[in-house]
Amino acid sequence: MESKELALEIAKFLDSKKATDLEVIQIGELTTIGDYFVIATASNTVMVKALCDDLDEYLGKTRGISPKRIEGRSTGQWILLDYRDVIVHIFYTDTRDYYGIDRVWADAPRLDLTDILMPG
């Protein structure tokens, strides 16, 4: 599976689980750490952890892939799942605002998610 397909599938899955403010950022031309960031927000830390666990289980069952590592699971403020070329960031709302990851990667192109995300 190509990293772009995986990033879009992850965004679609997180959207189906009620994550908000989803973005897929193409970082491959700007850094060597990966090809894409998938960034999502949850309204509370319980939901942040649930999104992480659900995504981990979903990709394990449907794609047979596991993250290279997961960081931040204990606090639920900001969880990072490293799928090598696709790095997933799941934020608690206030934490995303505080760290401003969107501003840090402002020069990176965003993928259009219009056809992937559910309306509303």
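Everything that follows concerns the structure shown earlier in this document.
Structure report, in brief. (Residues numbered from 1 in each chain as written. Predicted model: local features only at pLDDT ≥ 70, side-chain atom pairs only at ≥ 80, totals over all residues. Heavy atoms only, no water.)

## Overview of the overall build of the protein
Inference 1: Per the secondary structure count, the protein includes four helices and five strands.
Inference 2: Put simply, the protein runs from its N terminus to its C terminus through helices and strands in the order α-β-β-α-β-β-β-α-α.
Inference 3: What you see for the protein is a C-alpha radius of gyration of 13 Å, in line with the 14 Å of a compact globule of 120 residues.
Inference 4: For the protein, the spread of C-alpha atoms along the three principal axes comes to 35 × 35 × 30 Å.
Inference 5: By the burial criterion, 42% of the 120 residues in the protein qualify as buried.
Inference 6: Taking the contacts inside the protein whose residues are at least 6 apart along the sequence as the reference set, 60% of them involve residues at least 24 apart.
Inference 7: When the accessible surface of the protein is split by element, carbon and sulfur atoms take 48% of a total near 6700 Å². (Helix = DSSP H or I, 4+ residues; strand = E, 2+ residues; numbered from the N terminus. Rg over C-alpha atoms; globule rule 2.2 N^0.38 Å. Buried < 20%, exposed > 50% of the residue type's maximum accessible area, 1.4 Å probe, protein only. Contact = heavy atoms within 4.5 Å. Areas by Shrake-Rupley, 256 points an atom, 1.4 Å probe, with all protein chains shown as cover.)

## Side note on the side chain of Glu 23
Inference 1: Positionally, Glu 23 belongs in strand E1 (residues 20-26).
Inference 2: Taking the relative accessible area as the measure of exposure, Glu 23 reaches 18% and is therefore buried.
Inference 3: Beyond its immediate sequence surroundings of up to four residues, Glu 23 is in contact with Phe 37, Val 38, Ile 39, Arg 96, Asp 102, Arg 110 and Leu 113.

## Overview of helix H1 (residues 3-16)
Inference 1: An ideal rise of 1.5 Å per residue puts 20 Å on 14 residues; H1 measures up with 20 Å between its terminal C-alpha atoms.
Inference 2: Of all the residues in H1, the buried ones are Ser 3, Leu 6, Ala 7, Glu 9, Ile 10, Ala 11, Phe 13, Leu 14 and Asp 15.
Inference 3: One or two steps after H1, the chain reaches Lys 18, where phi turns positive at roughly 75°. (Expected span 1.5 Å × (residues − 1).)

## Some details on the nonpolar core
Inference 1: Grouped together as the largest cluster of nonpolar side chains are 27 residues, with contacts concentrated most on Ile 10, Leu 14, Val 38, Tyr 83 and Val 88.
Inference 2: Within the residue set of this core, elements represented by two or more residues are H1, E1, strand E2 (36-42), helix H2 (45-63), strand E4 (78-83) and strand E5 (86-92).
Inference 3: Ignoring anything within four residues of it in the chain, the contact list for Leu 14 reads Ala 19, Leu 22, Val 38, Ala 40, Leu 51, Leu 55, Val 88 and Ile 90.
Inference 4: Formed by ten residues, the second largest nonpolar core is a distinct cluster that contains Ile 25, Ile 27, Ile 39 and Phe 91. (Core = buried A, V, L, I, M, F, W, Y, C linked by side-chain atoms within 4.5 Å.)

## Quick word on the pairing of E5
Inference 1: Burial runs high along E5: six of the seven residues are buried.
Inference 2: As paired strands, E2 and E5 are joined by seven bridges and run parallel to one another. When the sheet's bridge partners are listed, Ala 42 is paired in E5 with Tyr 92.
Inference 3: Alignment of E4 against E5, held across six bridges, turns out to be antiparallel. When the sheet's bridge partners are listed, Ile 79 is paired in E5 with Ile 90.
Inference 4: Hairpin remark: E4 followed by E5, antiparallel, with two residues in the connecting loop; positive phi at Arg 84, about 65°. (Pairing = 2+ DSSP bridges.)

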